[in-house]
Amino acid sequence: TDDFFKSVVSHAKEYGFVFQSSEIYDGLSAVYDYGQLGSELKNNLKTYWWKSMVQLNENIVGIDAAIFMHPTTWKASGHVDGFNDPMIDNKDSKKRYRADQLIEDKIARYEADGKTTEATALLESLNTALNADDLAALKSIIEEHNIVCPVSGTKNWTEVRQFNLMFATQMGAMADGADQVYLRPETAQGIFVNFLNVQKTGRMKIPFGIAQIGKAFRNEVIARQFIMRMREFEQMEMQFFCRPGTELEWYNKWKETRLKWHLALGFDPSNYRYHDHDKLAHYANAAVDIEFNFPFGFKEVEGIHSRTDFDLKQHQEFSKKKMQYFDPEINQNYIPYVIETSIGLDRLFLTVLCNALVTEDLSTEEKQDSRVVLKFPPALAPVKAAILPLTKKDGLPEKAREILNTLKLDYNVQYDEKDAIGKRYRRQDAIGTPICITVDYDSLQDNTVTIRHRDTMAQERVAIADLEKIINDLAGW
Ligand code: ATP
């Protein structure tokens, strides 16, 4: 599975899906750029989410809030005081670690050594220390269990300190720091502060939702596993506002709906599961993750949280603006309760790559052969069809380009005339193109072409006039 993950990462780079940011300067850690195919795939994933959330639900609307927000937003949301990781530095290696992560690694080692009693006891002390925000206790645990720095091998640790995950920067040019703003660490707050704007201007009636896709930034200390944990990433979030007392009903509905949405991509369902939280944030009364079986294990892709009226109440308190809704059905004013669905677009992208990448053995008795295919659902495929003239002469390129021109406004299609046709098919397999359209000498006579299907490699002869419908049936939403 380690090797498989490596092949996913190298395939993503080789074919222009994902590049390390600023690679010519040796890269910027945990920041990535999406290439010519990656940006297409990402856009298709956004479309899939936006259509299913906003377009298909009459009572959900979308917004696009700014990344910068008034600094008080983050006081109200709790991020200034509470969005911290407990960090510890090793004085010899000068490396910084998350204290809880060091302890979790130790627990894993106890378990691997069959020391289950030690593992259970250590997990309990870790949870106690974390729940009490007791930094000194974390330090004592690290000392008592002889946890050493993975790099220097020494136990020469600093104290444990809180490290805020928000990036700060200056807006305007005041010298005294009064102009400090943050890059948002989540998109949700842009929705909460606009709750009344949208409700009033859109004449929304509870229950209703507000959806948003946008960048978020976290100064993650342990950044690893490719686009799994990034410092700049993209979220797709929806906040669903409902009447107090109905929230668990809606929570269950969204929990179910969101898993179905993942499964509708058509990949192996056994790689998806729920992980119910038994430890809840103080403002939540239910929370679940949807996890995917990555090559490095089951990990969170999406969270569904019942956040009560915590956020709106906080904003009401800090802004002194009423955040209430008048419910005409029961003749009452109240602060709505919120169910949130929050998915990381980059993690979703990674699930799709891991699901889609396959190496197929095509060996026959005569010769060894294999091919690498990205089996994307056609609607997600970056390129919908490749148009390939059989030869570079005799009017075939012109005919192929004629076809290309009729399709390119509606579909991302590619023209390729280089190399033998078999080689061109393989190139399209490797980027997940669902069909190849080959233009040959007969095409000039009878206006038909050969379609070759990615997954079955089956070929069929079709009329050029039918191509648009064929692509739409295959790859349209
Ligand atoms: P984790 O526990 O993995 O750090 P989280 O619980 O902090 O995640 P949330 O705050 O619930 O995550 O964010 C919602 C979603 O945003 C996550 O399910 C994940 O898909 C995505 N996400 C969060 N942090 C990152 C990151 N650093 N890089 C990429 N995606 C992220």
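Residues numbered from 1 in each chain as written. Predicted model: local features only at pLDDT ≥ 70, side-chain atom pairs only at ≥ 80, totals over all residues.

Named according to an unreviewed UniProt entry, the protein is Glycine--tRNA ligase originating from Sphingobacterium zeae. Reading the Subunit (unreviewed entry) entry of the UniProt record for the protein gives the comment "Homodimer." The heading Function (unreviewed entry) in the UniProt record of the protein holds the text "Catalyzes the attachment of glycine to tRNA(Gly)." (UniProt positions renumbered as here; feature names shortened; annotations may be inferred.)

Draft legend 1. Spatial organisation of the nonpolar core. Membership of the largest hydrophobic core comes to 55 residues, with the highest contact counts inside it found for Phe349, Ile387, Ile437 and Val439. Element by element, the count of residues in this core is highest for helix H12 (residues 345-356), at seven residues. For this core, the two domains that each supply at least three residues are domain 1 (2-68 + 183-354) and domain 3 (383-475). Apart from residues lying up to four places away in sequence, Ile437 is in contact with Ala385, Ala386, Ile387, Leu388, Ile403, Val449, Ile451 and Leu467. By size, the runner-up hydrophobic cluster in this structure holds 24 residues, among which are Ile191, Phe208, Phe241 and Tyr337. (Core = buried A, V, L, I, M, F, W, Y, C linked by C-beta atoms within 7 Å. Buried ≥ 20, exposed ≤ 12 C-beta atoms within 10 Å, placed from the backbone. Helix = DSSP H or I, 4+ residues; strand = E, 2+ residues; numbered from the N terminus. Domains from an automatic or database assignment. Contact = placed C-beta atoms within 7 Å.)

Draft legend 2. Local environment of the sheet that holds strand S6 (residues 161-164). Ordered in space as S5-S4-S6, the three strands form an open sheet in which the pairing is antiparallel. A strand with exactly one partner marks an edge of an open sheet, and here the two such strands are strand S5 (96-98) and S6. Here the average twist between neighbouring strands, direction ignored, is 50 degrees. Pairing analysis gives four bridges linking strand S4 (residues 84-89) to S6, with the strands arranged antiparallel. Looking at the pairing, Asp85 lines up with Phe163 of S6. On the sheet, helix H5 (residues 99-112) packs against S4 and S5 and is oriented at approximately 70 degrees with respect to S5. (Pairing = 2+ DSSP bridges. Axes fitted to C-alpha atoms, helices over the stretch in contact; angles between N-to-C directions.)

Draft legend 3. Spatial organisation of the site of the ligand. Near the ligand there are 16 residues, and of these Met230, Phe233, Gly303, Ser342 and Gly344 occur at the shortest range. When residues of the shell around the ligand are traced back to their parent elements, those giving at least two are strand S10 (232-242), strand S13 (297-306), strand S16 (337-344) and H12. With four residues, the top contributor of residues to the shell around the ligand is S13. Across the shell around the ligand, the residue classes tally to four nonpolar, four polar and eight charged. (Near = placed C-beta within 6 Å. Nonpolar A, V, L, I, M, F, W, Y, C, P; charged D, E, K, R; others polar.)

Draft legend 4. Expanded view of the sheet that holds S16. The strand order across the open sheet built from seven strands is S3-S9-S10-S16-S13-S12-S11, with neighbouring strands paired in mixed fashion. The open sheet has two edge strands with one neighbour each: strand S3 (60-63) and strand S11 (272-276). Across the sheet, the mean angle separating the axes of adjacent strands is 25 degrees when strand polarity is ignored. As paired elements, strand S12 (residues 286-294) and S13 share nine bridges and run antiparallel to each other. Looking at the pairing, Phe292 lines up with Lys299 of S13. Strand contacts of helix H2 (residues 38-55): S3, strand S9 (208-217) and S10, with the helix running at about 140 degrees to S3, the strand carrying the most contacts.

Draft legend 5. Focus on the UniProt feature "binding site: substrate" (unreviewed entry) in the protein. Per the UniProt record, "binding site: substrate" (unreviewed entry) is found at Arg98, Glu186, Phe233, Glu234, Gln235, Met236, Glu237, Glu340, Thr341, Ser342, Ile343 and Gly344. Spatial dispersion of the annotated residues is evident: they stretch over 247 residues in sequence, and the largest pairwise C-alpha distance comes to 27.5 Å. Structurally, Glu186 is set in the loop between strand S8 (180-182) and helix H8 (188-192). Overall, Glu186 belongs to the partly exposed group, with 19 C-beta atoms counted inside 10 Å. Excluding residues within four positions of it along the chain, Glu186 makes contact with Ala216 and Gln235. On the secondary structure map, Ile343 appears in strand S16. Using a count of 24 C-beta atoms within 10 Å as the deciding quantity, one classes Ile343 as buried. Sequence-distant contacts of Ile343, defined by excluding residues within four places in its chain, comprise Met236, Val301, Glu302 and Leu348.

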